[in-house]
Amino acid sequence: MKQGVQWSSEYQVPSRIGLGKALEMFEEALTILDAHCGEAEGQSSLPSEPLPNMLERCEEALRNSKNSAPQARILCAFPGLPHLSSVWWQGRVGGVTCVGVGECLPGKSARHGLSGGARSRLALGAIEELQQELGRVGRSLLLTVTADGPELPLVPKRGAALLVCHPIASYQACLAAGEDLNFDEFCVGLNHFLAHHQDLPLLRSEDIETDREGLRDLCTPLHFTPSRYAVQDDGFIPDKEQRTFDCSDFLNVPAYRALCEKLGYPPERAYLLHRNRAGLSLQKQPSPEDGRALGLVSSFMERAIALFDALAPQGAQQPDTTQVLQKLDACLGGDEQDFLERLDETADGLGPQTASLLLLAAAAHYYNKKQPVHGMSFVAEALHRIPLHARWLRVLAASLLLELNRKNEALTTLLEDAILSSAPFGAGKDVLKAYLGSLGNEQKAGEHGHALLLDYLHRTPPLRSNRKRVLIEIGTTREVVPGQGSTEKLASFCAEYGVDFITVDMDERNTRMARRMFRRHGYTFQAVTAKGEDFLAQYEGSIDYVFLDAYDFDHGNHSEIRQGRYEKFLGARIDELQCHKMHLDCAETLVSKLTPDGVICFDDTWLDENEKWTAKGTTAMPYLLDNGFEVVSAGNRAALLRRHSEISR
């Protein structure tokens, strides 16, 4: 190049450059020629040597640039977006130098740093000085500034644009960068910016890709032209697995909901900006169908991945968390009364680890919906499916139990995991087992009426008979939660004492769960799907022991899942009068069919302040007491009855 032409050190060609940088430099040369040479100047009718001709044209372009006004554009973007970095623009747009607010121009002194942060007014003189210096080499200036405050640099609004993403994605990216932010204030700042700059063209970042169409959408409001040879060699490569974040914890923040409404994003869930090997990548935001339910799992999946990374065996395949969330969302869609069937069918079609993770995600969802009974039940179901080697899932289950305020159950889960592990505890394993037993005894103290029946049966074992004794449970376990789970405990007693056991329930899902439990323990008992009063009326054999725990009384706190099951199988929601009638029908049958030394355990009934039986036993208890039965014991909101001694003799 001829003497007198000085190139900034920033633009000297290094010894080794990447493809993107090389194409960018080539694109810059073409841009200079296109911008400063007319068509006549750009074409020569006389033959000439290629290299001298190029040099002459470059010199001409530089001379013309002194009298031309360089372009200055500004891109505002939500914090955390990769488009704020000059790296993103390399190889995509030629003839542009991107400078972020608070950065220094590479290869320049600190005096070129546009300091002060996004909230400060930038000195117009500093911008003009930078424009002039870039203009001498035929480049345009692009300022990038985060839209977390109402103020912008003093540049013309013409040639400005705003790039947005889901607010949660932006907030999470800031936290990942180590910033200490108050979420409410963060959303307020973005709302203020939108309110002050409603005239800016607004682009959604997930619509900006590396193809020509996406680049054109981004460059049009900035008055730039995409590079002819746009490539993506900067490391911003989308991960194969989309990582999601549930936003249920933020739904009560007014500024957040207002922000989502303005931007058109669903407030329930976001796909996150997350870091891969080279930088940040933005996954495309889904558009849920209208009315589609979303799993409220908060940071549950992030915790699951962290535990997998810490505890899973080397070489184990990481679970597909996106698939699990999609399947949970699909189960939650549609009528709530069919949710359990959809969940069972989905889980049964998955491998044991993925099925367990799905059930634990369902538990997290219902915990966030303030329905801990269902949350605990799904944790219990998951624990039955978790393989021995999947320690990370048992620890994950324990963490959910702690959130559900079930400390003893969480400790039991962790101790069982320790015993199952290959750690060399030696004699310490016996200590762990003994402590587990003591925890089990503590949990029994708050159990329901089945504990009353089992205590009686242990103290008064079945008498010898020429036939096998029968215990019938009316109302199979539906949620496996602490203090309940009567079906499994009654079955265990019957297996130990040689008693036949039949459990009956109107809900076929409960029956199916009981059969699964029987298979797991090797029991040969029966689980029957029927209304309890109908089964007892039609039963032709002898009945020795009965546990009545069927139709719920209306205490006003039943979940929609439970109400939906009544609608599905009985055609109506829980009704107090129907509850009383169902149990009275059972009592009338048992007066004639129970053996002389038989007993009835009536769950969920007690004496009120007026010494009247209430809840499930409102009408059935007085009827039994008027027809030859007496209360042997009462407690745990349950009553145990047998015939009067003189009658039984």
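Refer to the structure above for everything that follows.
Residues numbered from 1 in each chain as written. Predicted model: local features only at pLDDT ≥ 70, side-chain atom pairs only at ≥ 80, totals over all residues. Heavy atoms only, no water.

Chemist: Describe the overall build of the protein, with residues and values.
Modeler: Scanning the protein from N- to C-terminus turns up 25 helices and 18 strands. Sorting the 649 residues of the protein into buried and exposed places 49% on the buried side. Residue pairs at least 24 apart in sequence account for 72% of intrachain contacts in the protein once pairs closer than 6 positions are excluded. (Helix = DSSP H or I, 4+ residues; strand = E, 2+ residues; numbered from the N terminus. Buried < 20%, exposed > 50% of the residue type's maximum accessible area, 1.4 Å probe, protein only. Contact = heavy atoms within 4.5 Å.)

Chemist: Can you break down the side chain of T476 residue by residue, with the values?
Modeler: On the secondary structure map, T476 appears in the loop between β10 (470-474) and α19 (486-497). Note on T476: relative accessible area 5%, which makes it buried. Beyond its immediate stretch of four places on either side in the chain, T476 contacts T487, T503, V504, D505, N510 and A514.

Chemist: Go over unusual backbone geometry with me, naming the residues and quoting the values.
Modeler: Backbone geometry follows two general trends: most residues other than glycine have a negative phi, and most peptide bonds adopt the trans configuration. Despite not being glycine, K370 has its phi angle at roughly 65°, a positive value. On the secondary structure map, K370 appears in the loop between α13 (352-368) and α14 (372-385). Classification of K370 by relative accessible area gives exposed; the value is 71%.

Chemist: I'd like a description of the sheet that holds strand β11 (residues 500-505), backed by residues and values.
Modeler: Taken in spatial order, the 7 strands make up an open sheet running β12-β11-β10-β13-β14-β18-β17, and their pairing is mixed. Every other strand in the sheet has two partners, leaving β12 (526-529) and β17 (629-635) as the edge strands with one partner each. Ignoring which end each strand starts from, the neighbouring axes of this sheet average 20° apart. As paired elements, β10 and strand β13 (residues 543-548) share 4 bridges and run parallel to each other. (Pairing = 2+ DSSP bridges. Axes fitted to C-alpha atoms, helices over the stretch in contact; angles between N-to-C directions.)

Chemist: Kindly report on the packing of helix α15 (residues 391-403) against helix α16 (residues 407-420), identifying the contributing residues and their values.
Modeler: Describing two packed helices takes the angle between their axes plus the distance from one axis to the other. Axis separation between α15 and α16 bottoms out at 7 Å; the angle between their running directions is 165°. What the angle tells us is that α15 and α16 run roughly antiparallel. α15 and α16 meet at a crossing whose hand is left-handed. In this structure, α15 uses R391, R394, V395, A398, L401 and L402 to contact α16, whose residues at the interface are K407, E409, A410, T413, L414, D417 and L420. A class-by-class count of the residues in the contact of α15 with α16 yields 7 nonpolar, 1 polar and 5 charged. (Parallel < 35°, antiparallel > 145°, perpendicular 65-115°, else oblique. Left-handed = near helix turned anticlockwise from the far one by under 90°. Nonpolar A, V, L, I, M, F, W, Y, C, P; charged D, E, K, R; others polar.)

Chemist: Got a sec to walk through the pattern of salt bridges? Specific residues and values, please.
Modeler: Tallied over the entire structure, the rule returns 26 salt bridges. Linking E381 and R509 is a salt bridge whose minimum nitrogen-to-oxygen distance equals 3.0 Å. Highlighted residues: E381 in helix α14 and R509 in helix α20 (residues 508-521), separated in sequence by 128 residues. Here E381 matches R509 in class, with each residue buried. (Salt bridge = Lys/Arg side-chain N within 4 Å of Asp/Glu carboxyl O.)

Chemist: Quick rundown of the sheet that holds strand β4 (residues 160-164)? Include the residues and the values.
Modeler: Pairing within the open sheet is parallel, and its 5 strands lie in the order β2-β3-β1-β4-β5. Each edge of the sheet is formed by a strand with only one pairing partner; in this case those strands are β2 (96-100) and β5 (202-204). The mean inter-strand angle of the sheet, taken between neighbouring strand axes irrespective of direction, is 25°. Bridge count for β4 against β5 is 3 bridges, and the pairing is parallel. Looking at β5, one finds that L163 is bridged to L203.

Chemist: So what's going on with the nonpolar core? Residues and values would help.
Modeler: Formed by 56 residues in total, the largest nonpolar core has its most connected members in W89 and Y256. Looking at this core element by element, the count peaks at 6 residues for helix α7 (residues 183-196). Residue contacts for W89: discarding those within four places in its chain leaves L75, H83, C98, L142, L218 and L222. The next biggest cluster of nonpolar side chains, apart from the first, holds 44 residues, and it includes A355, A361, A382 and A390. (Core = buried A, V, L, I, M, F, W, Y, C linked by side-chain atoms within 4.5 Å.)

Chemist: Describe the environment of L400, with residues and values.
Modeler: Residue placement: L400 occurs in helix α15. Separated by 40 residues in the primary sequence, L400 and L360 place their C-alpha atoms 8.0 Å from one another. Beyond its immediate stretch of four places on either side in the chain, L400 contacts F300, R303, L360, A363, A364 and V379.

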